[in-house]
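For reference, the chains in residue letters:
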Amino acid sequence: MDVETLAKYSKLHAKPPGLSLQYGTAGFRTKAENLDHIMFRMGLLAVLRSKQKKATIGVMVTASHNPEEDNGVKLIDPLGEMLAPAWEEHATCLANAEEKELLPILNAICQKEAVDLQNDAFIVIGRDTRPSSKKLSQSVTDGVSVLGGQYQDYGLVTTPQLHYMVCCRNTHGGYGTATVEGYYQKLSKAFVELTKQATSQRDGHICLKIDCANGIGALKLKEMERYLLAGLAVRLENDGTKGKLNHNCGADFVKVHQKPPVGLEMKPNERCCSFDGDADRIVYYYTDATGQFHLLDGDKIATLISTFLKELLDKAGQTLTFAVIQTAYANGSSTSYLKETMKVPVHCAKTGVKHLHHKAQEFDIGVYFEANGHGTVLFSKAAEDKIRHQAKEEKDNLKREAAKMLENTIDLINQTVGDAISDMLVIEAILALKNLTIPQWDAMYTDLPNRQLKVKVADRRVINTTDAERRAVTPPGLQEKIDELTKQFRLARAFVRPSGTEDVVRVYAEADTQKNADKLAHQVSLAVHQLAGGVGE
Ligand code: G16
């Protein structure tokens, strides 16, 4: 380690005095002007991780669903998964180190994690479309270079595309070619193959409107359109040409407000979807003939994909372990439908795709989705091998065809992380193959009315939770109050948790009617305000 160069560059990327940040649900997030030192230091950390794992590591500069003024950074581990928890702690430690502590902390990480500094390091970097992202990604490259790491800057890419690149590089092309063209080719080939047998008419007319949240999804979908040819005709709205990123649009806005984004004209029963700011989340929706808005969120997506996969597995005669992973935000109706009607095991994990991903890895096939539209499907190596073998060797025509469809589904899914583009193609393929309209998909089950609210408190860390965030253990008295309030409503459930991406406490409530869900969410918010140090109104 060249100590003098490190000291020189670290001064150029100085930490604002007194600033303390934590590696949260999906990395560091805050106002962009407070992130320069974090980016530089995450460049340093990525090099250490890369040297330790002797593998390519990813650094994505994005604040995803947050407002345009925010930014953030997520680190990506060798198989395209989120950074390991122990290294999240190192990240927080490094981020908050004062100047003079930087070197001792780097040395301590090297020692604790047995990092051999003689090893090579290779980092791939990507960024979203925020005005601050380019400069911040240059601070990452400064950090990488100071520790002698090599890098490739992919520039503007979606977060899931960068996860894909990391996995491709570390599997030496086994997962795909590590270029954006490689990504488009892999997904579009699988999509075209999978939808070959679709009988529904989707010959070139617009069949899906996409709200791109004025973010990176628009750029990447435009690039991808020519690969899909007539296979899927989409119309891109909120493509960044005029509106502000995530402002009154995007998957988070639509999910939280349960209403359409601005800038998207919806005809009755027309299929629409929204991406978020870095295109790792997707939700679908439509308005019916009476003008009522219907949201098909991550729970409905998980149910559709699970139904499809279960049917194919049955047809192929494959007996593989299968489970769906949700979070506390999953609508009660979706959980009942999966458990009772579909007879599928359901597990609840803490918010954050890293937790769901981890749980999903325990099964041959693990479908995981957060209600906010963040999710994917994981296939174990053994399951994948079985399916690919059957797709080639099976003598029974029907079984072989089902195995081939499963194989194309595997190739269409981005197994590294939730991916709005890949998820959209999977959903579109399933709807086409099953000849389902969006109201028919919606009718699989009826959501319990629900409401999400945010409460500002002085320090959201006063709230600690247990039971996959379904119960609060601190501050004292809060859970008792929530229980007492919940008892007053039918089919009711409520919980609170500190956000890991915004400086707020999130409140979720569901009940038999929208009025009651709203009332319960409001009352729980008041309890948070009173018992957890609420600030402002
Ligand atoms: C991130 C995480 C998601 C999480 C969301 C909200 O999404 O990747 O898993 O659900 O934040 O987290 P919280 O409620 O802790 O703020 P994104 O799309 O913003 O990266």
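Being a predicted model, the structure only gives us computed values, none of them experimental. (Residues numbered from 1 in each chain as written. Predicted model: local features only at pLDDT ≥ 70, side-chain atom pairs only at ≥ 80, totals over all residues. Heavy atoms only, no water.)

## Describing the environment of Ser 137
In this fold, Ser 137 is placed in helix α5 (residues 133–146). When its relative accessible area of 1% is taken as the criterion, Ser 137 is described as buried. Here the alpha-carbon distance between Ser 137 and Ile 438, two residues 301 residues apart in the chain, equals 40 Å. Setting aside chain neighbours within four positions, we find Ser 137 in contact with Val 61, Ile 125, Arg 127 and Asp 153. (Helix = DSSP H or I, 4+ residues; strand = E, 2+ residues; numbered from the N terminus. Buried < 20%, exposed > 50% of the residue type's maximum accessible area, 1.4 Å probe, protein only. Contact = heavy atoms within 4.5 Å.)

## Side note on the packing of helix α7 (residues 180–194) against helix α8 (residues 216–228)
For the pair α7 and α8, the least separation of the axes is 9 Å and the interaxial angle reads 50 degrees. As judged from the angle between their axes, α7 and α8 are oblique. The way α7 lies across α8 gives a crossing that is right-handed. Contacts between α7 and α8 involve Val 180, Glu 181, Tyr 184, Gln 185, Leu 187, Ser 188 and Phe 191 from the first element and Lys 220, Glu 223, Met 224, Tyr 227 and Leu 228 from the second. Among the residues forming the contact of α7 with α8, the class breakdown is 7 nonpolar, 2 polar and 3 charged. (Axes fitted to C-alpha atoms, helices over the stretch in contact; angles between N-to-C directions. Parallel < 35°, antiparallel > 145°, perpendicular 65-115°, else oblique. Left-handed = near helix turned anticlockwise from the far one by under 90°. Nonpolar A, V, L, I, M, F, W, Y, C, P; charged D, E, K, R; others polar.)

## A few points about the sheet that holds strand β9 (residues 282–287)
Read across the sheet, 5 strands follow the order β7-β6-β8-β9-β10 without closing on themselves; strand pairing throughout is mixed. The open sheet is flanked by β7 (234–237) and β10 (293–296), the only strands paired with a single partner. For this sheet, the mean inter-axis angle between neighbouring strands, taken without regard to orientation, is 25 degrees. Two elements, strand β8 (residues 272–275) and β9, share 4 bridges in a ladder whose sense is antiparallel. The residue of β9 that forms the bridge with Phe 275 is Ile 282. Contacts from helix α15 (residues 420–434) reach β6 (208–211), β8 and β9 within the one sheet, and its direction differs from that of β9 by about 50 degrees. (Pairing = 2+ DSSP bridges.)

## Description of the domain arrangement of the protein chain
Under the domain assignment used here, the protein chain contains domain 1 (3–156), domain 2 (182–293), domain 3 (298–421 + 432–442) and domain 4 (450–531). The distance between the C-alpha centroids of domain 1 and domain 4 comes to 34 Å. Counting from both sides, the interface comprises 7 residues of domain 1 and, opposite them, 6 residues of domain 4. Around 430 Å² of area is buried between domain 1 and domain 4 when both sides are counted, 44% of it from carbon and sulfur atoms. Considering only the side of domain 1, the residues that lose the most area to domain 4 are Thr 25, Arg 29 and His 65, jointly responsible for 64% of the buried surface there. Counting across the domain 1 and domain 4 interface gives 0 salt bridges. At the boundary of domain 1 with domain 4, the tally comes to 3 residue pairs in polar contact (both at pLDDT 80 or more). For the side of domain 1 that touches domain 4, the residue count by class is 1 nonpolar, 5 polar and 1 charged. (Domains from an automatic or database assignment. Buried area = accessible area lost by both parts, 1.4 Å probe. Salt bridge = Lys/Arg side-chain N within 4 Å of Asp/Glu carboxyl O. Polar contact = N/O pair within 3.5 Å; in protein donor to acceptor, adjacent residues only side chain to side chain.)

## Overview of the site of the ligand
Neighbouring the ligand are 20 residues, the closest being Thr 25, His 65, Glu 370, Ser 499 and Thr 501. Within the contact set of the ligand, an oxygen atom lies 3.4 Å away from a side-chain nitrogen or oxygen of His 374. One of the side-chain nitrogen or oxygen atoms of Arg 506 is found 2.7 Å away from an oxygen atom of the ligand. For the ligand, whose free accessible area comes to 460 Å², the fraction covered by protein is 98%. Classifying every residue of the shell around the ligand gives 2 nonpolar, 10 polar and 8 charged. (Near = heavy atom within 4 Å. Areas by Shrake-Rupley, 256 points an atom, 1.4 Å probe, with all protein chains shown as cover.)

## Let's talk about the side chain of Arg 49
Position of Arg 49 relative to the elements: it lies in helix α2 (residues 36–53). Since its relative accessible area comes to 5%, Arg 49 is described here as buried. Apart from residues no more than four positions distant in its own chain, Arg 49 is found in contact with Ile 57, Asp 77, Leu 83, Ala 84 and Trp 87.

## What to know about the environment of Leu 75
The topology assignment puts Leu 75 in strand β3 (residues 70–76). Given a relative accessible area of 0%, Leu 75 falls into the buried group. Separated by 272 residues in the primary sequence, Leu 75 and His 347 have C-alpha atoms spaced 26 Å apart. The contact partners of Leu 75, leaving out residues within four places of it in the chain, are Tyr 23, Met 42, Leu 45, Ala 46, Gly 58, Val 59, Met 82 and Leu 83.

## Considerations on the sheet that holds strand β11 (residues 322–327)
An order of β12-β11-β13-β14 is seen for the 4 strands of this open sheet, with the pairing classed as mixed. The sheet terminates laterally at β12 (346–349) and β14 (375–379), the two strands that pair on one side only. Averaged over all adjacent pairs, the angle separating strand axes in this sheet is 20 degrees, with direction ignored. Note: β11 against β12, 4 bridges, orientation parallel.

## Section: the packing of aromatic side chains
Taken as a whole and judged by the stated rule, the model has 11 aromatic pairs. Taking 5.4 Å as the distance between ring centres and 40 degrees as the angle between the ring planes, the aromatic pair formed by Tyr 184 and Tyr 227 counts as tilted. Of this pair, Tyr 184 sits in helix α7 while Tyr 227 sits in helix α8, and the two are 43 residues apart along the sequence. The class for Tyr 184 is buried, based on a relative accessible area of 1%. (Phe/Tyr/Trp six-rings, centres within 6.5 Å; stacked < 30°, edge-to-face > 60°.)

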